Amino acid sequence: MKLRKAFTLIELLVVIAIIAILAAILFPIFSAAKEAAKRITCLSNCKQIGEALQMYLGDNNGVFPIFYAYMSQPPSGQEGHKGVETQLYAYSGGKDVFRCPLDFGGPYVGVDVPGAKSYWQAYGSSYRFTKCMFSVVADESSGNNVPYDYTAIVSESMVSSPSETRIIRDEMFPIFDTKNVQDACDRYGYDCPPPYNYYQRWHASGGNMIFADTHAKNVSGTANFDNAVIDPEGHRTGDIAPDGGTYYWACD
């Protein structure tokens, strides 16, 4: 009768070490592949939103939807909630297209809307609508539940550079992180000292934008972000506005 030779302790340890090394090599690759897939889905959603907006404009004489931002009273999903996205539901096929799979929320989301873990859950959209590119209506348009006291209607015919003009963007960009851009707080207002820190990492690099001609693309770096046109007149995000700040602060 033959006796089977068992593995020695050293042989087992070698096998375990090899498996651990392979895992250390492969897990980051799998993680990166998973994020890449989500990033593609996020950009695909942007393209669908652009198409939905194009259909909306066709049915509304080229006039952009009414602007709202961060409407939490009531929050998304509850009766009476208002947002740019709700005006596009009939063209987008519902609300799911406004969710980026990389929407991990931010430090303030759960405070503003208890239980919410994403901007999509709290406000109805993972994407930020550019105020200067949508129609502001006095006592109707609101930001953070506070109505605006002026009216500024925007139509397609007013846009000077449609292919360069950002109308919608991902809520979070890596350039908003002070670890990546030293003056990010002053420049973009997200990653600031408590209690004004709104930043949460979503993308490893870049972020998505939808432009006035309704095409979408991924944009990386401060230069490309700041160079995007942000209002119908053709001012760029990083240009200095009459009040001394940038057009980012005036329009974003």
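Details of the structure are given in the entry above.
So, how was this worked out
Residues numbered from 1 in each chain as written. Predicted model: local features only at pLDDT ≥ 70, side-chain atom pairs only at ≥ 80, totals over all residues. Heavy atoms only, no water. Phe/Tyr/Trp six-rings, centres within 6.5 Å; stacked < 30°, edge-to-face > 60°. Helix = DSSP H or I, 4+ residues; strand = E, 2+ residues; numbered from the N terminus. Buried < 20%, exposed > 50% of the residue type's maximum accessible area, 1.4 Å probe, protein only. Disulfide = S-S within 2.5 Å. Core = buried A, V, L, I, M, F, W, Y, C linked by side-chain atoms within 4.5 Å. Contact = heavy atoms within 4.5 Å. Pairing = 2+ DSSP bridges. Axes fitted to C-alpha atoms, helices over the stretch in contact; angles between N-to-C directions. Polar contact = N/O pair within 3.5 Å; in protein donor to acceptor, adjacent residues only side chain to side chain.

In this section: the packing of aromatic side chains. Any two aromatic rings considered together are summarised by their centre-to-centre distance and by the angle between their planes. Tallied over the full model, the rule gives 20 aromatic pairs. Ring centres of Phe64 and Phe134 lie 5.7 Å apart, and the angle between their planes is 80°; on these two criteria the pair is classed as edge-to-face. Pair noted here: Phe64 is in the loop between α1 (9-59) and β1 (68-69) and Phe134 is in the loop between β2 (127-129) and β3 (142-143), with a separation of 70 residues, a long-range link. We classify Phe64 as buried; its relative accessible area is 2%. Judged by centre distance (5.3 Å) and plane angle (80°), the rings of Tyr188 and Tyr248 are edge-to-face. Of the two residues, Tyr188 is situated in helix α5 (residues 184-188) and Tyr248 in helix α7 (residues 247-251); the sequence distance between them amounts to 60 residues.

Under the definition given, this model contains three disulfides. Note that Cys42 is cross-linked by a disulfide to Cys100, the S-S spacing being 2.2 Å. Measuring handedness by torsion sign, the sulfur bridge of Cys42 and Cys100 sits at about -120° and is left-handed. One end of the pair, Cys42, is in helix α1; the other, Cys100, is in the loop between α2 (89-92) and α3 (109-112), with 58 residues separating them in the sequence. Each member of the pair Cys42 and Cys100 is classed as buried. The partner cysteine of Cys185 in its disulfide is Cys192, sulfur to sulfur 2.1 Å. Torsion about the S-S bond of the Cys185 and Cys192 cystine: about 110°, corresponding to right-handed handedness.

Core analysis: the biggest nonpolar cluster contains 53 residues, and Phe64, Phe134, Ile167, Ile168, Phe176, Tyr190 and Phe225 have the highest contact counts within it. Elements that contribute at least two residues to this core include exactly α1, α4 (119-123), β2, β5 (166-170), α5, β6 (207-211) and β7 (216-219). Per element, the largest residue contribution to this core is seven residues, and it comes from α1. For Phe134, the residues in contact, after removing those within four places along its chain, are Leu53, Phe64, Pro65, Phe67, Val84, Phe129, Ala152, Val154, Ile167 and Ile168.

Glancing now at the environment of Tyr198. The residue Tyr198 is located in the loop between α5 and β6 in this model. Residue classification places Tyr198 among the partly exposed positions, given a relative accessible area of 27%. When neighbours within four sequence positions are excluded, Tyr198 is seen to be in contact with Gly106, Pro107, Tyr108, Tyr119, Met172, Gly189 and Tyr190.

We now examine unusual backbone geometry. Cis geometry is found at the peptide bond from Gln73 to Pro74, where omega equals -5°. If you trace the backbone, Pro74 turns up in the loop between β1 and α2. Cis peptide bonds are those with omega within 30 degrees of zero, and the linkage from Pro194 to Pro195 qualifies with 5°. Mapped onto the elements of the fold, Pro195 is located in the loop between α5 and β6.

The sheet built from four strands is open, its strands ordered β2-β5-β6-β7 with antiparallel pairing. Taken across any chain shown, the strands that pair with only one partner, and hence form the sheet edges, are β2 and β7. Neighbour-to-neighbour, the strand axes of the sheet open up by a mean angle of 30°, direction not taken into account. Sheet analysis places β6 next to β7, joined by four bridges and oriented antiparallel. By the bridge assignment, Ile210 is partnered in β7 with Ala216.

Next up on the list: the side chain of Ser125. The topology assignment puts Ser125 in the loop between α4 and β2. Of the residues examined, Ser125 reaches a relative accessible area of 6% and is grouped as buried. In terms of polar contacts, Ser125 uses its side chain to reach the backbone amide nitrogen of Tyr127, at 2.9 Å.

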